[in-house]
Amino acid sequence: MRRTTKYPVSGANSLWQIYRTVSFWKVFKNVIVIQIGRYTPFMPLKNWLYRTFLGMKIGEKTALAFMVMPDIMFPEKIKIGRNSIIGYNTTILAHEYLIDEYRLGPVVIGDEVMIGANTTILPGVTIGDRAVVGAGTLVHKDVPAGAFVAGNPMRVIRINEPPSN
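These numbers were taken from a predicted model, which means no experiment stands behind them. (Residues numbered from 1 in each chain as written. Predicted model: local features only at pLDDT ≥ 70, side-chain atom pairs only at ≥ 80, totals over all residues. Heavy atoms only, no water.)

Asks: It is not clear to me how a nonpolar patch on the surface should be interpreted in this structure. Could you clarify?
Replies: A cluster of nonpolar side chains, contributed by Tyr19, Phe24, Trp25, Phe28, Ile32 and Ile36, occupies part of the molecular surface with about 650 Å² of accessible area. In terms of residue count, helix 2 (residues 24–39) provides more of the nonpolar patch than any other element does, 5 residues in total. (Patch = residues over 30% accessible without salt bridge, like charges linked within 9 Å, V, L, I, M, F, W, Y side chains within 5 Å. Areas by Shrake-Rupley, 256 points an atom, 1.4 Å probe, with all protein chains shown as cover. Salt bridge = Lys/Arg side-chain N within 4 Å of Asp/Glu carboxyl O. Helix = DSSP H or I, 4+ residues; strand = E, 2+ residues; numbered from the N terminus.)

See below:
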């Protein structure tokens, strides 16, 4: 089960009422920073932009590939551990706007995680340390540490034993 908080709305759908839920100026700033970051080929600069201006928590030596799309409205709800790779064109969502409600949930990606290209990560999920997410996967529930998951719907292919020291 994803860990999201539900906020009911009345009248028009929740996306139509977006600026009742998040400031226009916050979204405007986030769009500019994210668009710069998506095209920036320098990982330290990209991570600095996201940490400084979006409030994202990104561990050391983590690489967000070209065109990765963090949540525009609530990027501060995203935490990525150290030495992880987020593949090309991956989308990380911390919100979802529905007809009668919107939902917010943190996304926690562990240490040394590898996420393949064109993956979508939904709000309220945790991806454990050393997990591998196959390209094109829809991550709609938690991924155990050390697991290899793939597909749509996502399924666990195998769980690797932790390395012994």
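Asks: Got a minute to help me understand the packing of aromatic side chains in this structure?
Replies: Tallying each qualifying case throughout the model produces 9 aromatic pairs. Aromatic side chains Trp25 and Phe28 sit 5.7 Å apart centroid to centroid with 80 degrees between the ring planes, which places their arrangement in the edge-to-face category. Here the residue Trp25 and the residue Phe28 both occupy positions in helix 2, the gap between them amounting to 3 residues, near one helical turn. The class for Trp25 is exposed, based on a relative accessible area of 61%. Since its relative accessible area comes to 43%, Phe28 is described here as partly exposed. (Phe/Tyr/Trp six-rings, centres within 6.5 Å; stacked < 30°, edge-to-face > 60°. Buried < 20%, exposed > 50% of the residue type's maximum accessible area, 1.4 Å probe, protein only.)

Asks: Explanation requested: the environment of Ser10 in the structure shown.
Replies: Of note, Ser10 is situated in the loop between strand 1 (5–8) and helix 1 (18–21). In the structure, Ser10 is positioned 131 residues away from Lys141 in sequence and 28 Å away in space, judged by C-alpha atoms.

Asks: I keep staring at the sheet that holds strand 9 (residues 101–104) and nothing clicks. Help me out?
Replies: The strands making up a sheet associate through backbone hydrogen bonding, with each pair oriented either parallel or antiparallel. Taken together, 3 strands build an open sheet; the order of strands is 1-9-8 and the sheet is antiparallel. Two strands close off the open sheet at either side, each with one partner strand: strand 1 and strand 8 (95–97). Within the sheet, the average angular offset between the axes of one strand and its neighbour, ignoring direction, is 15 degrees. As defined by bridge partners, strand 8 adjoins strand 9 across 3 bridges and the pair is classed as antiparallel. Each bridged residue has a counterpart across the sheet, and for His95 the counterpart in strand 9 is Leu104. (Pairing = 2+ DSSP bridges. Axes fitted to C-alpha atoms, helices over the stretch in contact; angles between N-to-C directions.)

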